[in-house]
Amino acid sequence: MNKFLTLAILILVFSINSSAQDKKAKALLNEVTAKIKSYDNVVIDFKYSLNNSKENINQNSKGNVTLQGNKYVLNFMGVSKIFDGKKTYTIVPEDEEVTVSNLNDGDEKAITPSKMLTFFNTGYKFTWDINQNINGRKIQYIKLTPNNTKDQRKEILLGIDIQTKTINNLIEIGKNGTKTTLTVNSFKTNQPLSKNQFTFVASKYPNYYINKLD
């Protein structure tokens, strides 16, 4: 009887502690969201890596993204993407082609540029994870587990700078063993942007083939 009582107490203590950690994690994520929403715009330079030891894949690349509301300009792996709030323009200089498509929210789990700083607000269970010192900064990790069991991602580790309440890095671990990491190299806010920052100007690409999907 004492063994059952001890087990019950341990389960109760673990449950209370887990609940407290979840609330702590949610509170920190709320602070990050509030901080992001307080900025007029955000400009990020980042490093991206993809690794899968079983498939012998090891890729590294750099990129940058400018965000304002749900609009963005992304430059990554030689391709530029402009989203003006309604349409996405994918510019591929190597092929001299521009693909135009309408906004598609069908893939809710995809971490698109416009959602990369707030994607964690829906669709995940979250728990308080490890704390690390990275380049003199205290980075607190929150583990995100997708609610959808069909999601091919096992978990996401979101590293948050405790002092600035901004995202330092994001580690996505797939069920197939693939690990992708996005590390923020620079994070600038409220930058002076051109009036046409998020406008596709066709005259800049006179010899490009314009492929309209919608």
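Calculation notes
- Residues numbered from 1 in each chain as written.
- Predicted model: local features only at pLDDT ≥ 70, side-chain atom pairs only at ≥ 80, totals over all residues.
- Heavy atoms only, no water.
- Pairing = 2+ DSSP bridges.
- Helix = DSSP H or I, 4+ residues; strand = E, 2+ residues; numbered from the N terminus.
- Axes fitted to C-alpha atoms, helices over the stretch in contact; angles between N-to-C directions.
- pLDDT = per-residue confidence, 0-100.
- Contact = heavy atoms within 4.5 Å.
- Salt bridge = Lys/Arg side-chain N within 4 Å of Asp/Glu carboxyl O.
- Buried < 20%, exposed > 50% of the residue type's maximum accessible area, 1.4 Å probe, protein only.
- Core = buried A, V, L, I, M, F, W, Y, C linked by side-chain atoms within 4.5 Å.
- Phe/Tyr/Trp six-rings, centres within 6.5 Å; stacked < 30°, edge-to-face > 60°.

*Asks:* Any chance you could explain the sheet that holds strand S9 (residues 153-161) here in plain terms?
*Replies:* Either a parallel or an antiparallel arrangement is found when strands of a sheet pair, and the pairing is made through backbone hydrogen bonds. The sheet built from 12 strands is open, its strands ordered S7-S8-S9-S10-S11-S1-S2-S3-S4-S5-S6-S12 with mixed pairing. Taken across any chain shown, the strands that pair with only one partner, and hence form the sheet edges, are strand S7 (124-134) and strand S12 (209-212). Within this sheet the neighbouring strands show an average axis-to-axis angle of 20 degrees, counted without direction. In this structure, strand S6 (residues 97-102) lies alongside S12, joined through four bridges in parallel fashion. Note on S12: the bridge partner recorded for Glu97 is Tyr209.

*Asks:* It is not clear to me how the confidence of the model for the protein chain should be interpreted in this structure. Could you clarify?
*Replies:* Detailed reading of the predicted model is not advised wherever pLDDT is low. For the protein chain, the average pLDDT comes to 84, and 85% of its residues sit at 70 or higher. Within the protein chain, the element-level pLDDT minimum falls on helix H1 (residues 2-37), averaging 65, and the maximum on strand S5 (residues 87-92), averaging 94. When the criterion is pLDDT under 50, residues 6-20 qualifies, and its contacts beyond four places in sequence or with other chains add up to zero contacts. In this model residues 105-109 is a low-confidence stretch, pLDDT under 50, and it forms five contacts with partners more than four residues away in sequence or in other chains.

*Asks:* Explain the pattern of salt bridges here, please?
*Replies:* Any two side chains of opposite charge can pair if their charged atoms end up close together. Summed over the entire model, instances satisfying the criterion amount to five salt bridges. A salt bridge links Asp151 to Arg153; the nearest nitrogen and oxygen atoms lie 2.9 Å apart. Neither Asp151 nor Arg153 differs from the other in exposure class; each is buried. Glu172 is the salt-bridge partner of Arg153, the closest N and O atoms lying 3.6 Å from each other. Within this pair, whereas Arg153 is found in strand S9, its partner Glu172 is found in strand S10 (residues 166-174), the two being separated by 19 residues in sequence. Several salt bridges share partner residues, and in doing so they unite Asp151, Arg153 and Glu172 into one network.

*Asks:* Which parts of the structure should I look at to understand the side chain of Thr90?
*Replies:* Among the secondary structure elements, Thr90 is positioned in strand S5. Excluding residues that lie within four positions of it along the chain, Thr90 makes contacts with Val79, Ser80, Lys81, Glu97, Val98 and Thr99.

*Asks:* So what exactly am I meant to see when it comes to the nonpolar core here?
*Replies:* Here is a general trend for soluble globular proteins: nonpolar side chains tend to be buried in one another's company. With 30 residues, the main nonpolar core has Leu144 and Leu158 as its most contacted residues. Sort the elements by how many residues they give to this core and H1 lands first, with five residues. Setting aside residues up to four positions removed in sequence, Leu158 forms contacts with Leu29, Phe119, Phe120, Gln140, Tyr141, Ile142, Leu144, Ile167, Asn169 and Leu170.

*Asks:* Sorry, what's going on with the packing of aromatic side chains here?
*Replies:* Any pair of aromatic rings gets described here by the distance separating the centres and the angle formed by the planes. If you walk through the whole model with that rule in mind, you get nine aromatic pairs. Between Tyr48 and Phe76, the aromatic rings sit 5.3 Å apart at their centres with planes inclined by 80 degrees, giving edge-to-face as the arrangement. Pair noted here: Tyr48 is in strand S1 (residues 42-52) and Phe76 is in strand S3 (residues 71-76), with a separation of 28 residues, a long-range link. Classification of Tyr48 as partly exposed rests on a relative accessible area of 22%. Their ring planes at 5 degrees and their centres at 5.5 Å tell us that Phe200 and Tyr205 sit as a pair that is stacked. Assigned by exposure class, Phe200 and Tyr205 land together as buried.

*Asks:* Whenever I open this one, the pairing of strand S2 (residues 57-68) confuses me. Can you help?
*Replies:* Side-chain positions along a regular strand alternate between the two faces of the sheet. Across 11 bridges, the pairing between S1 and S2 is antiparallel. Residue pairing in the sheet places Asn51 in a bridge with Asn58 of S2. In this structure, the hairpin formed by S1 and S2 is closed by a connection of four residues, where Asn56 is found at a positive phi of approximately 55 degrees. As defined by bridge partners, S2 adjoins S3 across six bridges and the pair is classed as antiparallel. Bridge assignment links Gly63 to a residue of S3, and that residue is Phe76.

*Asks:* Looking at this model, I keep getting lost on the pairing of S5. Mind explaining?
*Replies:* Both strand S4 (residues 79-83) and S5 contribute to a ladder of four bridges, which runs antiparallel. The residue of S5 that forms the bridge with Phe83 is Thr88. Taking the residues that link successive antiparallel strands as the turn, the S4-S5 hairpin has three residues, and the phi of Gly85 there is positive, at about 105 degrees. Where S5 and S6 come together, six bridges link them in antiparallel fashion. Within S6, the residue paired with Thr90 across the bridge is Thr99. Here S5 folds back onto S6, and the loop between the two strands holds four residues, one of which, Glu96, carries a positive phi near 50 degrees.

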